[in-house]
Amino acid sequence: MSGRSTWTTFWRTVCGRAYPRVIGAQRERSWVFFEILLPLLQVTAYVFIYRAIQAPPEFLGFVVLGGAMSAYWLNVLWSMASQLYWEKETGNLELYIVAPTSRMAILLGMALGGMFQTTLRAVAIITIGSLLFRVPMTVTNVPVLLGVFLTTLVALYGLGMMLSSLFLLFGREAWHFSNLLQEPVSLVSGFYFPVRALGQVIAAAASALPITLGLDAMRQLLFPSMMENLRFLSADVELGILAGSAVLFLVLAHRALAHFEKLARREGRLTVRGQ
Amino acid sequence: MSSELAIRTEDLRRVFRTRKREAKKQKREVVALDGIAFEVPRGELFGVLGPNGAGKTTTIKILATLLTPTSGHAWVAGIDVATDPKAVRHHIGMVSGGETSGYGLLTVEENLWMFSQFYGMETRAARARIRELLAVVGLSDRAKTKIYHLSTGMRQKMNFVRGFLTEPEILFLDEPTLGLDVQTARTLRGFVSNWLREHPDRTILLTTHAMHEADELCERVAIIDRGRILACGAPSNLKRDLKHEDVVRLRIGGLEDVRPIVATVPSVSRFSQTAHDDCVEVDVILANDAVLTGLLAAVEAGGGTLLSLEKRAPTLEDVFLDVVGHGFEEPNGGGAS
Ligand SMILES: Nc1ncnc2c1ncn2[C@@H]1O[C@H](COP(=O)(O)OP(=O)(O)O)[C@@H](O)[C@H]1O
Ligand SMILES: [Mg+2]
């Protein structure tokens, strides 16, 4: 195989695997309820609390942004980390391995498709949330904001790609594990308040998850005056750490996948349904 | 590419170690393949025939780079599957029976296109080939149906199209008609032999536990049981080899199980029994006519009545009976998992 055709196959694989998420996932209309209305309800709950304690209006912005970003976290947890496990159960995983393509391309396709799918939801949450609660936003630096946002996504989906191989090794427990991670993460990552409120130690620990730093940096860029005293680290440092972890997670994802494939071929059960 | 042999295996062994959940320390070893050696030249439709648990899927998985052999070697398209699995994957395709691959929210056409992309196919060419193959298997009117609406048979037709779409040099079909209705199975068998006629340089390895399927489709078959090849050759040759012996089918009334009786008769070489409502049907392979007399006497003494007796031409089923020593559907200890 020539280098050129290897790359052609790589990108065609990415597009092929993204397709079910870009097109297919929009066909089931129930997602509007589960993935837009439910997060908005949660956001609303926090908005009412903040209003009751007469918090400054920026806090409503924190919550709306947190609600939008939590959509990405749920997507990573349920549609990236647990995805290879489901692919195994349906028999797709064996076909992916037999195909003359890169398994990283498959994961990348899933990730890009998932980002697209979730962005539709996140935009809806932000738009409806901002209109509904009249959030005062001052976007000072669009390129940096966009940079932080995209870096956060790469790091987050890189983490998901890495977890997907690890979850395969857990087998059936993967589902419980996802469930277990969902609530604590939404708490310690500061989806609904600046993470510093939990103290430096917890904030530092929570920074292992890219969503924590990403949220903090984005809040700094959107609500600069309010975040001055509430920020965890400066946005530049956070961006740097995010970029570093993005690379790290992608490298680890590649390693984990290669390791998984080797183990699967040797043990003979990891690609088999119901094992 | 240059290799004249599409597939070659040498003393292929595969042992599975299973851990029992209750007692973690207790390890069990299952010998799935116990020294398999065969060669498939380019252009052949080769069958691997054997009962459940014989090692058919294990063989295919090793050749398709999904499993490594415990020992021994296998080459596909001249490439060692254990040392260079990536290279092998450019030459192969795979379809299994009972497959549930694909995404339910996508249509038949879209799913097939997606899989074609993993082989780097150009979209326009892929679409054209998908349309063409869907027509051949009679699934054109479902091209735009989401696959969670498909019946088992339609799904398997789609899986076939997926496997053949990329025109692989070597195709592995693992019990491809498993669980299908007679009509669909016949359509797909027809599809396989036509495809091979139109693509004479391609090779297919097909596993099955349906004797007639192997008999009808395969140029050569290997009969395997408990991880060993017991016989290998063209179905017609295997049957001819049996000709010097007599295959006799008896229908006996008044008894539920004639096995204990037959066991007392010397030189009944092979034997299988099927129970029906009103009688038991017994296939025996006899060294000579004299044995038959003894057998009939023993049945009568045991309280049975002979309802009918027929000598017939050997089928692949008889070959199996002869080499394996027990009937096909009878349990043989190694259950499938
Ligand atoms: N992953 C596995 N772990 C443990 N045992 C296995 C595994 N796969 C197959 N086996 C065992 O290996 C033997 C051969 O299985 P298989 O190749 O699936 O047979 P067939 O396809 O002919 O029905 C069976 O006894 C089966 O139980
Ligand atoms: Mg099998």
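Chemist: Before we go on, may I ask you to explain the environment of Leu60 of chain A in this structure?
Modeler: Residue and element names in this part refer to chain A. Note that Leu60 resides in helix α3 (residues 58–81). The class for Leu60 is buried, based on a relative accessible area of 7%. When the C-alpha positions of Leu60 and Arg196 are compared, they lie 17 Å apart, and in sequence the two are 136 residues distant. Setting aside residues no more than four positions away along its own chain, Leu60 makes contact with Val47, Tyr50, Arg51, Phe133 and Val135.

Chemist: Looking at this structure, I do not really get the site of ligand 1. What am I missing?
Modeler: The environment of ligand 1 is formed by 15 residues, the closest being Gly268 of chain A together with Gly53, Lys56, Thr57 and Thr58 of chain B. Chains contributing residues near ligand 1 are chains A and B. Within the backbone of Ala54 of chain B, a nitrogen or oxygen atom sits 3.2 Å from an oxygen atom of ligand 1. A distance of 2.8 Å is found between an oxygen atom of ligand 1 and a backbone nitrogen or oxygen belonging to Lys56 of chain B. Protein contact buries 85% of the 560 Å² of open area that ligand 1 shows by itself. Residue assignment for the shell around ligand 1 shows that the elements contributing at least two residues are β1 (5–19), β2 (27–41) and α1 (56–63) of chain B. Among the elements that line the shell around ligand 1, the one with the most residues is α1 of chain B, at 3 residues. Taken together, the residues of the shell around ligand 1 sort by class into 5 nonpolar, 9 polar and 1 charged.

Chemist: In this structure, what is going on with the domain arrangement of chain B? I would like to understand it.
Modeler: Buried accessible area, meaning the area lost when the parts come together, often serves as the stated size of an interface. All names here are of chain B. Each assigned domain of chain B is listed here: domain 1 (5–238) and domain 2 (240–324). One C-alpha centre belongs to domain 1, the other to domain 2, and the line joining them spans 36 Å. Residue-level contacts link 15 residues of domain 1 with 9 residues of domain 2. By the criterion of area lost to domain 2, the three top residues of domain 1 are Met211, Asn237 and Leu238, representing 47% of everything that side buries. Linking domain 1 with domain 2 are 0 salt bridges, by the criterion used here. Inspection of the region where domain 1 meets domain 2 yields 2 residue pairs in polar contact (both at pLDDT 80 or more). Breaking the side of domain 1 that touches domain 2 down by element, the ones donating at least two residues are α7 (211–217), β9 (220–225), β10 (228–233) and α8 (235–241). In terms of residue count, α8 provides more of the side of domain 1 that touches domain 2 than any other element does, 4 residues in total. Here the side of domain 1 that touches domain 2 is built from residues that sort into 10 nonpolar, 3 polar and 2 charged.

Chemist: When you look at the packing of helix α5 (residues 152–165) of chain B against helix α6 (residues 182–198) of chain B in this model, what are you seeing that I'm missing?
Modeler: For any two helices packed against each other, one specifies the inter-axial angle together with the distance between the axes. All names here are of chain B. Orientation of α5 relative to α6, taken along the N-to-C sense of each, is 10°, at an axis distance of 10 Å. With respect to α6, the element α5 is oriented roughly parallel. Residues Gly153, Gln156, Lys157, Phe160 and Phe164 of α5 form the contact with α6, whose participating residues are Thr184, Thr187, Leu188, Phe191, Val192 and Trp195. Of the residues in the contact of α5 with α6, the class split is 6 nonpolar, 4 polar and 1 charged.

Chemist: I'm lost on the interface of chain A and chain B in this one. Help?
Modeler: The interface of chain A with chain B comprises 37 residues on the first partner and 37 residues on the second. For the pair chain A and chain B, the two sides together bury roughly 3,200 Å², of which 56% comes from carbon and sulfur. Its largest share of buried area at the contact with chain B, chain A owes to Arg12, Val98 and Arg265 of chain A, together 24% of the area lost on that side. Counting across the chain A and chain B interface gives 3 salt bridges. At the junction of chain A and chain B, the tally comes to 17 residue pairs in polar contact (both at pLDDT 80 or more).

Chemist: Just checking my understanding: could you explain helix α2 (residues 31–52) of chain A for this structure?
Modeler: In an α-helix, one turn spans 3.6 residues, which is why side chains three or four residues apart end up on the same side. Residues and elements named next belong to chain A. Helix length check: α2, at 22 residues, gives a terminal C-alpha distance of 31 Å against a target of 32 Å (1.5 Å per residue), a fit within 8%. Approximately 30° is the largest bend angle found in α2, and it occurs at Leu37, with the proline Pro39 only one to four residues beyond. For α2, the full list of buried residues reads Trp31, Ile36, Pro39, Leu40, Val43, Thr44, Val47 and Tyr50. On its buried side, α2 packs onto α3 and α6 (103–133).

Chemist: How should unusual backbone geometry be read in this particular structure?
Modeler: Residue and element names in this part refer to chain B. One non-glycine residue, Asp11, adopts positive backbone phi at about 45°. Relative to the helices and strands, Asp11 resides in strand β1. You will see that Ala77, though not glycine, has its phi angle at about 55°, which is positive. With respect to the helices, strands and loops of the structure, Ala77 is situated in the loop between β4 (71–76) and β5 (79–80). Judged by its relative accessible area of 2%, Ala77 is buried.

Chemist: I would appreciate a short explanation of the sheet that holds strand β6 (residues 92–96) of chain B in the present structure.
Modeler: For sheets, the rule is that strands pair by backbone hydrogen bonds, running either parallel or antiparallel. Residue and element names in this part refer to chain B. Spatial strand order, β6-β7-β8-β3-β9-β10: 6 strands in an open sheet with mixed pairing. Edge positions in the open sheet fall to β6 and β10, since each of these has one partner strand only. In this sheet, adjacent strand axes meet at a mean angle of 15° when their direction is disregarded. When strand β3 (residues 45–49) meets strand β8 (residues 203–208), the two strands line up parallel, connected through 5 bridges. If you follow Val48 over to β8, its bridge partner there is Thr207. The sheet strands contacting α6 are β3, β7 (170–174) and β8, and the helix crosses β8 at an angle near 160°. Across the sheet, helix α11 (residues 316–324) lies against β3, β9 and β10, angled at about 40° from β9, the strand it touches most.

Chemist: I tried to follow the pairing of β6 of chain B on my own but got confused; where do I start?
Modeler: The side chains of a regular strand alternate, residue by residue, between the two faces of the sheet. Residues and elements named next belong to chain B. Burial runs high along β6: 5 of the 5 residues are buried. The side-chain alternation of β6 yields two buried faces, one formed by Ile92, Met94 and Ser96 and the other by Gly93 and Val95. Note: β6 against β7, 5 bridges, orientation parallel. Among the inter-strand pairings, Ser96 is bridged to a residue of β7, identified as Asp174.

Cut-offs applied
Residues numbered from 1 in each chain as written. Chains lettered and ligands numbered in written order. Predicted model: local features only at pLDDT ≥ 70, side-chain atom pairs only at ≥ 80, totals over all residues. Heavy atoms only, no water. Helix = DSSP H or I, 4+ residues; strand = E, 2+ residues; numbered from the N terminus. Buried < 20%, exposed > 50% of the residue type's maximum accessible area, 1.4 Å probe, protein only. Contact = heavy atoms within 4.5 Å. Near = heavy atom within 4 Å. Polar contact = N/O pair within 3.5 Å; in protein donor to acceptor, adjacent residues only side chain to side chain. Areas by Shrake-Rupley, 256 points an atom, 1.4 Å probe, with all protein chains shown as cover. Nonpolar A, V, L, I, M, F, W, Y, C, P; charged D, E, K, R; others polar. Domains from an automatic or database assignment. Buried area = accessible area lost by both parts, 1.4 Å probe. Salt bridge = Lys/Arg side-chain N within 4 Å of Asp/Glu carboxyl O. Axes fitted to C-alpha atoms, helices over the stretch in contact; angles between N-to-C directions. Parallel < 35°, antiparallel > 145°, perpendicular 65-115°, else oblique. Expected span 1.5 Å × (residues − 1). Bend = angle between axes of the 7 residues up to and from the residue. Pairing = 2+ DSSP bridges.

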